[in-house]
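Now for the letters of each chain:
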Amino acid sequence: MASAGEGASSASSDEQNRLASEKSPYLLQHASNPVHWYPWGDEAFSAARRENKLIFLSVGYSTCHWCHVMERESFENPDIAKIMNANFINVKVDREERPDVDKVYMTFVTSLSGSGGWPMSVWLTPDLNPVYGGTYFPPNNRYFGQPGFPQLLVSLASQWQENEAKFKESGVKIMEVLDRTSRLPAPGTSSMPGEEAVAKCFAQLSSSYEPHYGGFSESPKFPQPSNLNFLFTYHALRPHRDDAKRGLEMALHTLTKMDRGGIHDHVAQGFARYSTDERWHVPHFEKMLYDQAQLTISYLDAYVATGNTKFSDVVRDILTYVMRDLSHPSGGFYSAEDADSLPTADAKEKREGAFCVWTREEITQLLSEPVREGHEMTLDKVFCHHYSVVKGGNVNPYQDPHDELKNQNVLIEHGTVEETSQEFDLSQEECEAALAKAREILYNARQKRPRPHLDDKMLTSWNGMMLGAMVRAGAVLGDNTYIQRAVKAAEFVKSYLYKDDKLLRAAYAAPNDEVSLGSSIEGYADDYAWIIRGFINLYEATLDTDWLELAEALQDKQNELFWDPQGNGYYMTQAGDESILLRIKEDQDGAEPSANSVSLGNLIRLSTILDHPEYRTKAEAIFCLFSDRLNKIPIALPEMTTALLLYQQSPVQIILAGKNGSNSLKEMMHVIHTEPIPDRVFMLADDNQESFMYARHPSLSRYHPKVTDETLAYVCRNFKCLLPVNNPDQLREILKKSSEASGQ
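Okay, so let's go over this structure. (Residues numbered from 1 in each chain as written. Predicted model: local features only at pLDDT ≥ 70, side-chain atom pairs only at ≥ 80, totals over all residues. Heavy atoms only, no water.)

## Examining the overall build of the protein chain
Moving on, step 1. Looking only at helices and strands, one finds 27 helices and 21 strands in the protein chain.
Moving on, step 2. For 744 residues, the compact-globule formula gives about 27 Å, and the C-alpha radius of gyration of the protein chain, at 27 Å, lands near that figure.
Moving on, step 3. Each principal axis of the C-alpha atoms in the protein chain carries an extent, and together these give about 90 × 75 × 50 Å.
Moving on, step 4. Expressed as a percentage of its 744 residues, the buried residues of the protein chain come to 59%.
Moving on, step 5. Within the structure as shown, the protein chain displays about 29900 Å² of accessible surface, and the carbon and sulfur contribution to it stands at 47%.
Moving on, step 6. Across the protein chain, the centroid of the 73 positively charged side chains sits 2 Å from that of the 104 negatively charged ones. (Helix = DSSP H or I, 4+ residues; strand = E, 2+ residues; numbered from the N terminus. Rg over C-alpha atoms; globule rule 2.2 N^0.38 Å. Buried < 20%, exposed > 50% of the residue type's maximum accessible area, 1.4 Å probe, protein only. Areas by Shrake-Rupley, 256 points an atom, 1.4 Å probe, with all protein chains shown as cover. Lys, Arg positive; Asp, Glu negative; His and termini not counted. Charge placed at Lys NZ, Arg CZ, Asp CG, Glu CD.)

Written as structure tokens, this is what we have:
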């Protein structure tokens, strides 16, 4: 019979378990739990076999709200910890550090229940086969139909003791089914997807679009930048089509509503993870690096498509937040900020959103000064009108089931600055200045509050994502500050996360602004894909071919470590780790696009830039592998469908003959970066015959500027080049005509 914990020792709250020696912020959060946690690894597996116990696997991440709830309710509870310690080998995993472990067992949980999420709770045999699982479990039976966590623990332990053989047999069969169902079609069974997949993706996005507030669901609402990326690319390549124009409107409306909503932090910049309602008003307040990176690209695309500076202002807003709050002195980018924090310094319990929300009374007190000298209107009146702040709070109680936001206001813009200025008889400039001053006062007040937890883990994939977005922002906005910050991040990757010609998964902040590598987990396919994309973007912004050369080396290494020579496509993990029972190829672009989708874009770009036909062949093999999914539900793979759009185009090749660093070259490059031509590639002919690029394209030696300090631009498509131009306005005109011609 399972033990309820009598006589079993449990660590007191001031003792630490095995997680204390880990580097992951999430694991360290649990180092003082009375649960005898192990990290994922041989020590835990050996203990399970030696003691013949089930493994309880708990997977989460450090800014996960419900992970905090389950810790507070169950893992910090000494009585529940006794049951866990007496009957199970308990293992904690940071899903961001070990996405391979997370993916295998999330596949099981979703097949079992139809849905997944975090915290993920799975029970495994000592052979690591799953037998039961779910997500959050409450500490008692208070939820109808859901067992309390301690009751479930006792039940599973008893069943294991009474019928171990049946459990083991069930676990083996479960893994056999998962292995079979996770496989994609064999090579040769699927043909290359075509226009049908593109058209269906647009149709499915149009069908799911919510026209009032934008986005692609009712509630909760997620930003889903991959959807926006597809719509912007679709429009850029087919600008005269009515459906493309409608798609552009969908993307712009969504981004405008997000910018004005509460998901956007109007005081301290950046975007929260998602909105709990349909209006983008009440967010889940955690801020993730990958959202900042992808939304930077989305708002850049909006700016390039329209020229409207309200979108470029949002780009600067996001990057201000990232450079200020998510940056390590050595150049890496941190992972996230938590949703929960203490409302006051002497509070005992954290609350979601406490760092970000305001009472009407607080704002009245802080913003009591006049809008300008001699004006009777105070800042708080203008601010509260513009950002919808009211007495008693502006949060719908249905969006606040735990009363954490009672009487609080989440800032949201329902009107424009122009409308607010008219309401208070101010000029638009006066109104903008008043709102900016008010935001600055509130920002300074917020800095005195207890800050949310910072996950200072620096993931390779997310750093690649962010540096790629930041350097593109620098190129589009003509701001060298962003380019230099991206270069610093790339140098950080080279210094800390690139060892022996391979990428590592993560680095960790250490005392005195140092960096630690922890257990040096090797990189996954997404680490390679995003760093390669980032380095290609660096090359395009700087024309420094060192980054392009490194991108090629990493692409070849990714092909070596992750490519499936029998079935094609990239596995997310390398071979050889016996604790990972499934090697999976991700088939969905979720909060982060899948490694295969990102890699497709890389392969297509590199095949042209480097004259590398083998890369294009690999891209075709990936498209064929995912052909069935692309033809049936391309909305599950919008990033991959975007790559398909680019594959279908004959690329625009732009050769710039000039001196790198010259003003004339910079002017030409700025034109290229600010035109919506996603299928373009460009290269520099600078008479450096020994360079990496000349070795790949000997024909570059034919291109020379006619006079010193001049840059000539040659625009080519389908192996036909137009006459060169040396004027930025002429180049812009040619590129516009080229774009229009491709969209006919």
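## Looking at the state of the cysteines
Moving on, step 1. Enumeration according to the criterion identifies two disulfides in this entry.
Moving on, step 2. In this model, cysteine 716 is linked to cysteine 721 through a disulfide, with the two sulfur atoms separated by 2.0 Å. Judged by the sign of its S-S torsion, about 100°, the bond between cysteine 716 and cysteine 721 is right-handed.
Moving on, step 3. Overall, the relative accessible area of 4% leaves cysteine 716 in the buried class.
Moving on, step 4. In this structure cysteine 721 comes out as partly exposed when scored by relative accessible area, which is 42%.
Moving on, step 5. Each bonded cysteine of the protein chain gets a number by its place in the sequence, and the pairs then read 1-2, 3-4.
Moving on, step 6. Its sulfur unpaired, cysteine 384 is 13 Å from the next cysteine sulfur, which belongs to cysteine 431.
Moving on, step 7. Residue class for cysteine 384 comes out buried when judged on its relative accessible area of 5%. (Disulfide = S-S within 2.5 Å.)

## Re the pattern of salt bridges
Oppositely charged side chains can form a pair if their charged atoms are brought close together.
Moving on, step 1. Tallied over the entire structure, the rule returns 42 salt bridges.
Moving on, step 2. Lysine 457 serves as the salt-bridge partner of aspartate 94, at 3.2 Å between the closest nitrogen and oxygen. Of this pair, aspartate 94 sits in strand β3 (residues 88–94) while lysine 457 sits in strand β13 (residues 457–459), and the two are 363 residues apart along the sequence.
Moving on, step 3. Close ionic contact of arginine 629 with aspartate 587 constitutes a salt bridge, the shortest N to O distance being 3.8 Å. Here arginine 629, found in helix α23 (residues 627–632), pairs with aspartate 587, found in the loop between α20 (545–562) and α21 (595–609); they are 42 residues apart in sequence, far enough to count as distant. (Salt bridge = Lys/Arg side-chain N within 4 Å of Asp/Glu carboxyl O.)

## Topic: helix α4 (residues 78–87)
Moving on, step 1. Here α4 has its buried residues at Ile80, Ala81, Ile83, Met84, Asn85 and Asn87.
Moving on, step 2. Packed against the buried residues of α4 are β1 (37–39), β2 (54–60), α3 (65–75), β3 and α6 (149–162).
Moving on, step 3. Where α4 begins, the capping side chain belongs to asparagine 77, and its oxygen is found 2.9 Å from the backbone nitrogen of aspartate 79. (Contact = heavy atoms within 4.5 Å. Polar contact = N/O pair within 3.5 Å; in protein donor to acceptor, adjacent residues only side chain to side chain.)

## Overview of the nonpolar core
Moving on, step 1. If you look at the biggest cluster of nonpolar residues, it comprises 145 residues, and the most contacted ones within it are Tyr299, Phe535 and Leu656.
Moving on, step 2. By size, the runner-up hydrophobic cluster in this structure holds 30 residues, among which are Ala31, Ile80, Phe137 and Leu156. (Core = buried A, V, L, I, M, F, W, Y, C linked by side-chain atoms within 4.5 Å.)

## Topic: the packing of helix α8 (residues 195–208) against helix α24 (residues 638–648)
Moving on, step 1. The interhelical angle for the contact between α8 and α24, taken along N-to-C directions, is 135°, at an axis separation of 10 Å. Classed by the angle they form, the pair α8 and α24 counts as oblique. Two packed elements cross with a definite hand, and for α8 against α24 that hand is left-handed. Where α8 approaches α24, its residues Glu195, Ala197, Val198 and Cys201 are matched on the opposing element by Pro638, Thr641, Leu644, Leu645 and Gln648. (Axes fitted to C-alpha atoms, helices over the stretch in contact; angles between N-to-C directions. Parallel < 35°, antiparallel > 145°, perpendicular 65-115°, else oblique. Left-handed = near helix turned anticlockwise from the far one by under 90°.)

## Quick look at the sheet that holds β13
Moving on, step 1. Taken together, the three strands give an open sheet; going across it, the order is β13-β16-β17, and neighbouring strands pair in antiparallel fashion. Of all the strands in the sheet, the pair left with one neighbour each is β13 and β17 (514–516). This sheet shows a mean twist of 35° between the axes of neighbouring strands, independent of strand direction.
Moving on, step 2. In this sheet, β17 lies alongside strand β16 (residues 506–510) in antiparallel orientation, the contact comprising three bridges. (Pairing = 2+ DSSP bridges.)

## What to know about the side chain of serine 327
Moving on, step 1. Considering the arrangement of structural elements, one finds serine 327 in the loop between α12 (309–325) and β9 (336–337).
Moving on, step 2. Given the relative accessible area of 16%, serine 327 is considered buried.
Moving on, step 3. Looking at serine 327, its side chain comes within polar contact range of the main-chain oxygen of methionine 323, at 3.4 Å.
Moving on, step 4. Engagement of the side chain of serine 327 in a polar contact is seen with the side chain of arginine 485, the distance being 3.1 Å.
Moving on, step 5. If we ignore the near neighbours within four places in the chain, the residues touching serine 327 are Val322, Gly332, Phe333, Tyr334 and Arg485.

## Quick word on the environment of glycine 117
Moving on, step 1. Mapped onto the elements of the fold, glycine 117 is located in the loop between α5 (99–113) and β4 (120–124).
Moving on, step 2. The buried category is assigned to glycine 117, whose relative accessible area is 14%.
Moving on, step 3. The spacing of glycine 117 and lysine 92 is 25 residues in sequence and 15 Å in space, taken between C-alpha atoms.
Moving on, step 4. Ignoring sequence-local partners within four residues, the contact set of glycine 117 consists of Met106 and Thr135.

## Some points on the packing of aromatic side chains
Moving on, step 1. Counting across every chain of the model gives 28 aromatic pairs.
Moving on, step 2. Taking the centre distance of 5.9 Å and the plane angle of 55° together, the rings of tyrosine 209 and phenylalanine 216 count as tilted. The same class applies to tyrosine 209 and to phenylalanine 216, which are both buried.
Moving on, step 3. Ring geometry for tyrosine 290 versus tryptophan 462: centroids 4.8 Å apart, planes at 65°, classification edge-to-face. Taken together, the positions of tyrosine 290 in helix α11 (residues 289–306) and tryptophan 462 in helix α17 (residues 460–477) put the pair 172 residues apart, joining distant regions of the chain. For the pair tyrosine 290 and tryptophan 462, one class covers both residues: buried.
Moving on, step 4. Aromatic rings pair up to connect Trp37, Phe56, Phe75, Trp123, Tyr132, Phe137 and Phe149 into one cluster.
Moving on, step 5. Above the plane of the ring of tryptophan 37 lies lysine 92, whose end atom (NZ or CZ) is 5.1 Å from the centre. (Phe/Tyr/Trp six-rings, centres within 6.5 Å; stacked < 30°, edge-to-face > 60°. Lys NZ or Arg CZ within 6 Å of the ring centre and 35° of its normal.)

Read these as spatial facts, not as claims about activity.
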